[in-house]
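Tertiary structure, described
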Amino acid sequence: MIHRECGVLKTSYEADMALYPLPIARWTVAAIAVVMFLVLPLAVHEYYLSIVNLISIAVVGALGLNILVGYTGQISIGHGAFMSVGAYTAANLVVRLDFPFWLALPLGGLMAALVGAVVGSPSLRIKGLYLAIATLAGQLIIEWLINHVTWISGGAQATIQVPRPELFGHTISTQFEMYFFLLFFVVLALVGTMNLVRSRVGRAFIAIRDHDIAAEIIGINIFRYKLLAFAISSFYAGVTGVLYTYYLGIANYEQFQITVSIDYLAMIIIGGLGSILGSVFGAIFVTLLPIAIRLVMEAFGGLFFSQQAVLNFIPNLRLILFGLLIIVFLVVEPEGLNRLWRNIRNYFRVWPFAY
Amino acid sequence: MKRSLTMVFGAALIAATVLGAPAPALAQKEIVIGLQCDRTGATQTVGVNLCPGYHDYINLANAKGGVEGWKIRALEIDHEYKVPQGMESYERHKKEGAVLISIYGTPHTQALTQKLTEDRIPGTSPGFGTAAAADGTKYPYIFPIAATYWSQGAAAVKFAKDQLGGSLKGKKIAFLFYDNPAGREPLAVIEDLAKQEGFELRTFAVPPPGVEMGAQILDISQRYRADFVIAHLFGRSPSVSIKELKRVGFPLRKVVSFVWGSAEADIDAAGGWAVAEGYNTMQFAGVGSDYPVLNEIREMYKAQGKEPPREMASTVYYNRGVLIAAIHVEAIRNALKDKKGGPITGADVKAGFEKIKGFTLGGLVPPLEITANDHEGGGWVQIFTVKGGKFVKATEWFKAYPEVIAKHVKASK
């Protein structure tokens, strides 16, 4: 209604290949950028920024997993472990060799990519549930190794304290500073993924997902691209692990256990498989929902129950509501929040007409 | 398309309630304590009884007119034993102006150590966390306030020594532990003591989730033929260990469990008090209901015309909640006294902790002495034995091998 999609003429290859060909899309992205970089950090309390920070970390991880599961059609229940590989690699480099974060972070990602490619190698032979179990084995083995090999884990506690990241001599420690630190990587991950999936590599991934035999017949090297998908996806996971490590100040294997792998799968399924916006929606949904439910319960629970009862109820009811809402959203739209958003957008696109 | 619209409005409604959730106005003369709990996660059995104990003591203190004229508000947040949620809850507590954080969970303690020091807010980690944090000069804002795993390990060896006739020379001790970082932590101290006391030590790891340990128990009783078992298990596994030890006929009076395998819930899950007869449990808070402070809580409920909560029956965890709250209130009281009743900050509460001495609450709390150097307060424990359907005190408050613990604390980074 406010804008027209017709009449946008592309007169050069650059214009045709632009990430956002429509002017309104460019304006929207610019507006979101202004909100994220200026309005939000200046307007809200640090506590809310800390929630956004958790979401930021989750977005990077969800994007990575979506490249593998959503775009390439290979399942992985080992992403929690890949995160821990990144986290412990970076932590060891930082603590033992004094690496700065801008070196430790990509190296942690690369190590995770390597491990991810190895764990993902059964994908060349097996698919679906069988692959899921193979990656599950990877998760358990890596967890065990980190738990028991003190050379990696830095002692019986399996915890490595990591100093705060430093940039030009300035230590990034408060949630406010951490916000920009993490946002930078979110933007990087978003732009990277958007460009990846429309490149030659991304199209090969999608071809493998849709029909791997057909893909092989038209000349896509399945071996290479499947492993590449695992490597890229694990790279994202590794970076997520490093970001967690810097955010919390420790590398700790207990925060990368199998439930984390499942949580990330939940994010991309709720958000929408094979969509970038869906990864973002999913990360926001899964991170924010428990917090939102708690705040609502705290605000209104006292109207119905006694204080002690509320304290006992909130956490339990929160789990139940969390599960229920996931079911509701999936029943309403099995293709995820991204599809829901597209439906809404399509409706308003021609509004006030029906079609 | 109607459906989509409904969804939009639904989402908007949720957003509105979230953003509009009223930030509690700061009441006059109120001190906020951030309380982390786990009522739903991996260690849920602890949280459901410990946290009510904590709240009851705080309510009692408030009912008595508060602390030096200030009301105390304990803001509880359940983090499901997950680290990111724990971090989020900490930021929330900080926003509410908490001057003290009651941390719950070993990884949470480690994740918050750096933050707490930067923000100058003290946090307590009773019975878990990093043992090295007993050193107040290295960890200025972490207060274990109860026996760490190292102290518990030393106390277990001391107890075994007393039970085996005063000498451990040539004896065989089995260390049965949950195979995670917290489970392995006391190992270094026990190994050291094995050398010092001349006993043979063998370790038996129980992989998470710790409900399957038939092989390990059989090994302990039949092949290794241990003279004494020191068990360090969490969650469901303590009850399984009791059941299995009973099944192979190992005498339970030759078993001592660390503090997280020592509650009524573990005994019940193992099949009842008759099954667990003789089982020795280590405690950092008094067990049972004959303490003056518990009577006061019961009277407080009576005055309000209510029944005392059923959580009080689970005396091990409930009393620990009372102990933690009592030490917190005491630290705040010390801080307020120092500041002549003025507003206090986290740093003041830290100083308040470091003045706690001779505060025993009628025997529920050990004779702690927290100083700027010793944030553990001595590492006191008490052993209670299962006898005739209840926990019976087997020893008075004691601490063991302080010089060995001191050496380890000093050597840690």
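**Brief notes about the overall build of chain A**
Scanning chain A for helices and strands turns up 15 helices and 4 strands. Rg of the C-alpha trace for chain A: 22 Å, near the compact-globule value of 20 Å for 355 residues, within the 12% margin. A principal-axis box enclosing the C-alpha atoms of chain A has dimensions of 65 × 65 × 45 Å. Burial statistics for chain A: of 355 residues in total, 45% are counted as buried. Contacts spanning at least 24 positions in sequence make up 75% of the contacts within chain A whose residues lie at least 6 apart.

**Section: the overall build of chain B**
The helix and strand inventory of chain B stands at 14 helices and 12 strands. For chain B, the C-alpha radius of gyration of 22 Å lies close to 22 Å, the compact-globule estimate for 413 residues. Classification of the 413 residues of chain B by burial places 57% in the buried group.

**Concerning the packing of helix 3 (residues 46–71) of chain A against helix 8 (residues 175–197) of chain A**
Axis angle and axis distance: for two packed helices, these are the angle between their axes and the distance between the axes, and together they describe the pair. All names here are of chain A. Contact geometry for helix 3 and helix 8: axes closest at 9 Å, N-to-C directions at 20 degrees. Viewed along their axes, helix 3 and helix 8 adopt a mutual orientation that is roughly parallel. The crossing of helix 3 and helix 8 is left-handed. When the residues that make up the contact of helix 3 with helix 8 are grouped by side-chain class, the tally is 19 nonpolar, 5 polar and 1 charged.

**Let's talk about the interface of chain A and chain B**
Facing 37 residues of chain A, the contacting portion of chain B comprises 37 residues. Looking at the side of chain A that touches chain B, the elements that each hand over two or more residues are helix 3, strand 1 (159–161), strand 4 (250–252), helix 13 (276–304), helix 14 (307–332) and helix 15 (337–350) of chain A. With 8 residues, the top contributor of residues to the side of chain A that touches chain B is helix 14 of chain A. A breakdown of the residues in the side of chain A that touches chain B according to their chemical character gives 20 nonpolar, 15 polar and 2 charged.

**A look at the sheet that holds strand 6 (residues 172–178) of chain B**
Residue and element names in this part refer to chain B. Strands sit in the order 7-6-8-9-10-11-12 across an open sheet of 7 strands; the sheet is mixed. Each edge of the open sheet carries a strand with a single partner, namely strand 7 (200–206) and strand 12 (390–393). Strand after strand, the sheet turns through a mean of 25 degrees between neighbouring axes, direction not considered. Sheet analysis places strand 10 (residues 280–283) next to strand 11 (residues 382–387), joined by 4 bridges and oriented antiparallel.

**Brief notes about unusual backbone geometry**
Residue and element names in this part refer to chain B. Between Pro208 and the following residue, Pro209, the backbone shows a cis peptide bond with an omega angle of 5 degrees. Within the secondary structure, Pro209 is located in the loop between strand 7 and helix 8 (214–224). You will see that Glu80, though not glycine, has its phi angle at about 55 degrees, which is positive. Exposure remark for Glu80: the 21 C-beta atoms within 10 Å place this residue in the buried category. Residue Arg225 is not a glycine yet carries a positive backbone phi of 50 degrees.

**Some details on the sheet that holds strand 2 (residues 71–78) of chain B**
All names here are of chain B. Pairing is parallel across the open sheet formed by 5 strands, whose spatial order is 2-1-3-4-5. Here the strands that pair on one side only, and so sit at the sheet edges, are strand 2 and strand 5 (142–143). Of the strands in this sheet, strand 1 (30–37), strand 2 and strand 3 (100–102) are in contact with helix 3 (residues 83–95), which crosses strand 1 at around 175 degrees.

**Some thoughts on helix 3 of chain A**
Residue and element names in this part refer to chain A. The end-to-end C-alpha distance of helix 3, which contains 26 residues, comes to 35 Å, matching closely the 38 Å that a straight helix rising 1.5 Å per residue would cover. For helix 3, the tally of buried residues reaches 23 of 26 residues, placing the bulk of the element in the interior. Remark: Gly73 follows helix 3 within two positions and exhibits a positive phi of approximately 75 degrees.

**With respect to the nonpolar core**
Ranked by internal contacts, the top residues of the largest apolar core, which has 230 residues, are Val60(A), Leu243(A), Ile72(B), Ala154(B) and Ile332(B). It is helix 3 of chain A that provides the largest number of residues to this core, a total of 16 residues. Contacts of Ile72(B), omitting those with residues within four sequence positions, involve Ile31(B), Ile33(B), Ile58(B), Ala61(B), Asn62(B), Gly66(B), Val67(B), Val329(B) and Ile332(B).

Calculation criteria
Residues numbered from 1 in each chain as written. Chains lettered and ligands numbered in written order. Predicted model: local features only at pLDDT ≥ 70, side-chain atom pairs only at ≥ 80, totals over all residues. Helix = DSSP H or I, 4+ residues; strand = E, 2+ residues; numbered from the N terminus. Rg over C-alpha atoms; globule rule 2.2 N^0.38 Å. Buried ≥ 20, exposed ≤ 12 C-beta atoms within 10 Å, placed from the backbone. Contact = placed C-beta atoms within 7 Å. Axes fitted to C-alpha atoms, helices over the stretch in contact; angles between N-to-C directions. Parallel < 35°, antiparallel > 145°, perpendicular 65-115°, else oblique. Left-handed = near helix turned anticlockwise from the far one by under 90°. Nonpolar A, V, L, I, M, F, W, Y, C, P; charged D, E, K, R; others polar. Pairing = 2+ DSSP bridges. Expected span 1.5 Å × (residues − 1). Core = buried A, V, L, I, M, F, W, Y, C linked by C-beta atoms within 7 Å.

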